[in-house]
Amino acid sequence: MDANSFFNIGNLIAGILTIGIVSFLYKDNPLYKFCEALFVGISAGYWFVTIIFTVILPKLYDKLISQEYVYLVGGAFGVLMLLRLVPKISWLSNWALAFVVGSTAGVNLIGYLQSNGMNQVKNTILPLWTGAWGSSIGNLIIVVGTFCGLVYFFFSKEHKGVFGGLAKTGILFLMVTFGAAFGYTVMSRMSLLIGRMDFVFGTWMGLIR
Amino acid sequence: MNFWQKLLAVDRRVIFALVAVAVIIPFFLSFPIKITVSPPVQAVYDYIEKLPPGSLVMISCDYDPPSAPELQPMTETMLKHFFLKDLKVIILGLWPQGSVQANIALEVVMRDPILKAKNLKYGVDYVNLGFTAGNEFVIIRMGTDIHAAFPVDFNGTKIAELPLMQNVRNFDNIAFVFNVSAGYPGTYEWVIFGVDRYRFKLGAGNTAVQAPLVSPYVQSGQLIGLLGGMRGGAEYEEVSHYFGKATGFMRSQTFSHAVVIFFIIVGNLAYFMTRGKRT
């Protein structure tokens, strides 16, 4: 074991906190509770400082100092948002909220409709025979999967007969999708564990060469 | 209690312990692992290979340390590929820690002897614009004026003073954008508010959780290609022959997946064998 890396103050703290968090897998314990509370506290503090230095100072204070007074409008909305904490006039925060909801909805509506709606629909209108078996089968799966998936979510008609069969096929496609998503999620979580173990046995203990 | 019932009653901590062993043991073993490169990963590599030297590329690191095991190897390999191809690199982050992660990756990448010999200079060959708040609105702003979205770089230097940024106005000047994403804002926003508005070429590297959700964008051509999770990172290392941590990590990934698959099969078998027999 590499004593230098082990007793390095940063590594030591990170290593002990890692063990503290992982210890929950055995059972809940005071060390885990301490690490969890520390994490929540540090995260809150980090975000507080980040917002001051990346939003309030450069995007409000600096702008006002350079006499760009239009930014006062944004600042005023920010103050209105905080009035939520004052019960008697908390309704004023709705104005700021309305601005955020309205502008975000306006920006997102067109973007999502075009990118996730129109473009995706366009790309499911595919030739069923492309001249090659591989791509033709791929296209067929996309067309059938999309159609049957949509049929499954059509609830104005009872899922019986041919319609019911199509809906069941839709369920099959949905199950495959969920299975793929689950597989990827397992891979993602394992990656995080691998990263932590690499830190503990490699960076901290210096056992991996 | 018969064998199958005992299996169903196995303490979950036994499974945790076996997964831990499957993850840790491969760190100390060195066996070859075959990594097949998928078409979406190959597509990203091929596109970058075709870019002429001196082209401007952008990498947006939209993740933080918790996602680093999956995404940091991608950032490192991608930066290395950019620099070895003599591309000019603009780095930024839509997440506060993203550009810090990029600096960590730069430190690792710059240790490479070939890159050391190139004597790459900050401000001339690459810049780190840092983080600016605003999520998708930053992308929209960059579409009209990058200088307005990022008036200063990571170190607080005015970007107008950086030689690399002097002739860069918006996405029209950028040949390729690569987004390394762990969530919001990330690949969704880059596609919706970037690609579909300003028509630039985008590739993405995502956490595995996100990968199946953004893969329809590959089929639709809104993304050039996609690196999905640690596996995607390992594939990129394989195709580019710049081996980093992702390839080594795939050994642990393979073993741990084998354990999970084993328990899924055994758990289902035990469930069906004891169906109707349980009290």
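Residues numbered from 1 in each chain as written. Chains lettered and ligands numbered in written order. Predicted model: local features only at pLDDT ≥ 70, side-chain atom pairs only at ≥ 80, totals over all residues. Heavy atoms only, no water.

### Considerations on the overall build of chain A
Now for step 1: When you go through chain A residue by residue, the secondary structure sums to 7 helices and 0 strands.
Now for step 2: Mapped in sequence order, the helices and strands of chain A form the string α-α-α-α-α-α-α.
Now for step 3: Scaling as 2.2 N^0.38, a compact globule of 209 residues should have a C-alpha radius of gyration of about 17 Å, whereas chain A reaches 27 Å, well beyond that.
Now for step 4: For chain A, the spread of C-alpha atoms along the three principal axes comes to 65 × 60 × 35 Å. (Helix = DSSP H or I, 4+ residues; strand = E, 2+ residues; numbered from the N terminus. Rg over C-alpha atoms; globule rule 2.2 N^0.38 Å.)

### With respect to unusual backbone geometry
The phi angle of most residues is negative, glycine excepted, and most peptide bonds adopt the trans form.
Residue and element names in this part refer to chain B.
Now for step 1: A cis amide bond links Tyr 184 to the next residue, Pro 185, at an omega of -10°.
Now for step 2: Even without being glycine, Asp 86 reaches a positive phi, approximately 60°.
Now for step 3: Looking at the secondary structure, you find Asp 86 in the loop between α4 (68-84) and β2 (88-93).
Now for step 4: Backbone geometry at His 241 places phi at a positive 60°, although glycine is not the residue there.
Now for step 5: Locating His 241 in the fold gives a position in the loop between α12 (229-240) and α13 (245-273).

### A few points about the nonpolar core
Now for step 1: Among the nonpolar cores identified, the biggest contains 70 residues, and Met 58, Ile 59, Phe 82, Phe 83, Ile 90, Met 142 and Trp 190 of chain B are the most heavily contacted of them.
Now for step 2: Broken down by element, this core gets its largest block of residues, 6 residues, from α4 of chain B.
Now for step 3: Of all hydrophobic cores here, the second largest spans 24 residues; its members include Met 190 of chain A together with Met 230, Met 250 and Val 259 of chain B. (Core = buried A, V, L, I, M, F, W, Y, C linked by side-chain atoms within 4.5 Å. Buried < 20%, exposed > 50% of the residue type's maximum accessible area, 1.4 Å probe, protein only.)

### Considering the interface of chain B and chain A
Now for step 1: Taken together, the contacts link 49 residues of chain B with 40 residues of chain A.
Now for step 2: Interface of chain B and chain A: buried area, both sides summed, is about 3,600 Å²; carbon and sulfur atoms make up 67% of it.
Now for step 3: Across the chain B-chain A interface, the total number found is 1 salt bridge.
Now for step 4: Its salt-bridge partner being Asp 198 of chain A, residue Lys 245 of chain B comes within 2.7 Å of it at the nearest N-O pair.
Now for step 5: Counting every contact that joins chain B to chain A gives 13 residue pairs in polar contact (both at pLDDT 80 or more).
Now for step 6: Those elements giving two or more residues to the side of chain B that touches chain A turn out to be α2 (12-24), α4, α7 (136-144), α9 (187-198), α10 (211-214), α11 (216-219), α12 and α13 of chain B.
Now for step 7: Tallied by class, the residues present in the side of chain B that touches chain A amount to 27 nonpolar, 13 polar and 9 charged. (Contact = heavy atoms within 4.5 Å. Buried area = accessible area lost by both parts, 1.4 Å probe. Salt bridge = Lys/Arg side-chain N within 4 Å of Asp/Glu carboxyl O. Polar contact = N/O pair within 3.5 Å; in protein donor to acceptor, adjacent residues only side chain to side chain. Nonpolar A, V, L, I, M, F, W, Y, C, P; charged D, E, K, R; others polar.)

### Quick notes on the packing of aromatic side chains
Now for step 1: What the rule picks out here adds up to 29 aromatic pairs over all chains.
Now for step 2: The interplanar angle of 35° and the centroid separation of 4.5 Å between the aromatic rings of Phe 24 of chain A and Tyr 32 of chain A together place this pair among those described as tilted.
Now for step 3: On the basis of relative accessibility, which here comes to 14%, the residue Tyr 32 of chain A falls in the buried class.
Now for step 4: Ring centres of Phe 83 of chain B and Tyr 126 of chain B lie 5.5 Å apart, and the angle between their planes is 70°; on these two criteria the pair is classed as edge-to-face. Placement of Phe 83 of chain B in helix α4 and of Tyr 126 of chain B in strand β3 (residues 126-131) is noted, with a sequence separation of 43 residues between them.
Now for step 5: In this structure an aromatic cluster arises from ring pairing among Tyr 47, Phe 82, Phe 176 and Phe 178 of chain B.
Now for step 6: Between the NZ or CZ atom of Lys 157 of chain A and the centre of the ring of Phe 163 of chain A, over which it lies, the distance is 5.7 Å.
Now for step 7: Here the guanidinium or amino end of Arg 13 of chain B rests over the ring plane of Tyr 26 of chain A, the centre of that ring lying 4.8 Å away. (Phe/Tyr/Trp six-rings, centres within 6.5 Å; stacked < 30°, edge-to-face > 60°. Lys NZ or Arg CZ within 6 Å of the ring centre and 35° of its normal.)

### Topic: the domain arrangement of chain B
Residues and elements named next belong to chain B.
Now for step 1: Under the domain assignment used here, chain B contains domain 1 (1-30 + 246-279) and domain 2 (35-243).
Now for step 2: One C-alpha centre belongs to domain 1, the other to domain 2; they are set 37 Å apart.
Now for step 3: Every contact between the two is made by 5 residues of domain 1 and, on the other side, 9 residues of domain 2.
Now for step 4: Here domain 1 and domain 2 share an interface that buries about 600 Å² over both sides, 76% of which is from carbon and sulfur atoms.
Now for step 5: The largest per-residue losses of area from domain 1 upon contact with domain 2 belong to Ala 246, Thr 247 and Met 250, which jointly make up 75% of the total buried on that side.
Now for step 6: Linking domain 1 with domain 2 are 0 salt bridges, by the criterion used here.
Now for step 7: Looking at the side of domain 1 that touches domain 2, its residues break down into 3 nonpolar, 2 polar and no charged. (Domains from an automatic or database assignment.)

### Section: the side chain of Ser 181 of chain B
Residue and element names in this part refer to chain B.
Now for step 1: Of note, Ser 181 is situated in strand β4 (residues 176-181).
Now for step 2: Among the polar contacts made by the side chain of Ser 181, one reaches the main-chain amide nitrogen of Gly 183 at a distance of 3.4 Å.
Now for step 3: Apart from the residues lying within four places of it in its own chain, the contact partners of Ser 181 are Asp 62, Leu 71, Gly 186, Thr 187, Gly 205, Asn 206, Thr 207 and Gln 210.

### Quick notes on α12 of chain B
Now for step 1: With 12 residues, α12 of chain B should reach 16 Å at 1.5 Å per residue; the first-to-last C-alpha distance of 17 Å fits that figure.
Now for step 2: Most of α12 of chain B sits inside the fold, with 10 of its 12 residues counted as buried.
Now for step 3: Along α12 of chain B, the residues that are buried comprise Gly 229, Met 230, Gly 232, Gly 233, Ala 234, Glu 235, Tyr 236, Glu 237, Val 239 and Ser 240 of chain B.
Now for step 4: Check the buried side of α12 of chain B and you find it contacts α7 (161-204) of chain A together with α3 (39-50), α4, β5 (202-206), β6 (226-228) and α13 of chain B. (Expected span 1.5 Å × (residues − 1).)

### Concerning the sheet that holds β2 of chain B
Residue and element names in this part refer to chain B.
Now for step 1: With parallel pairing, 6 strands are arranged side by side in an open sheet as β3-β2-β1-β4-β5-β6. Two strands bound the open sheet, and with one partner strand each, they are β3 and β6. On average, each strand axis in the sheet is inclined to that of its neighbour by 15°, with strand direction left out of account.
Now for step 2: The sheet contact formed by β4 and β5 spans 5 bridges and is parallel. (Pairing = 2+ DSSP bridges. Axes fitted to C-alpha atoms, helices over the stretch in contact; angles between N-to-C directions.)

### Focus: the pattern of salt bridges
Now for step 1: The full count for this structure, using the stated rule, is 9 salt bridges over all chains.
Now for step 2: Among the ionic pairs, Asp 28 of chain A bridges to Lys 33 of chain A, the shortest N-O distance being 2.9 Å.
Now for step 3: Overall, the relative accessible area of 40% leaves Asp 28 of chain A in the partly exposed class.
Now for step 4: Across the salt bridge formed by Lys 118 of chain B and Asp 86 of chain B, the nearest N and O atoms sit 2.7 Å from each other.

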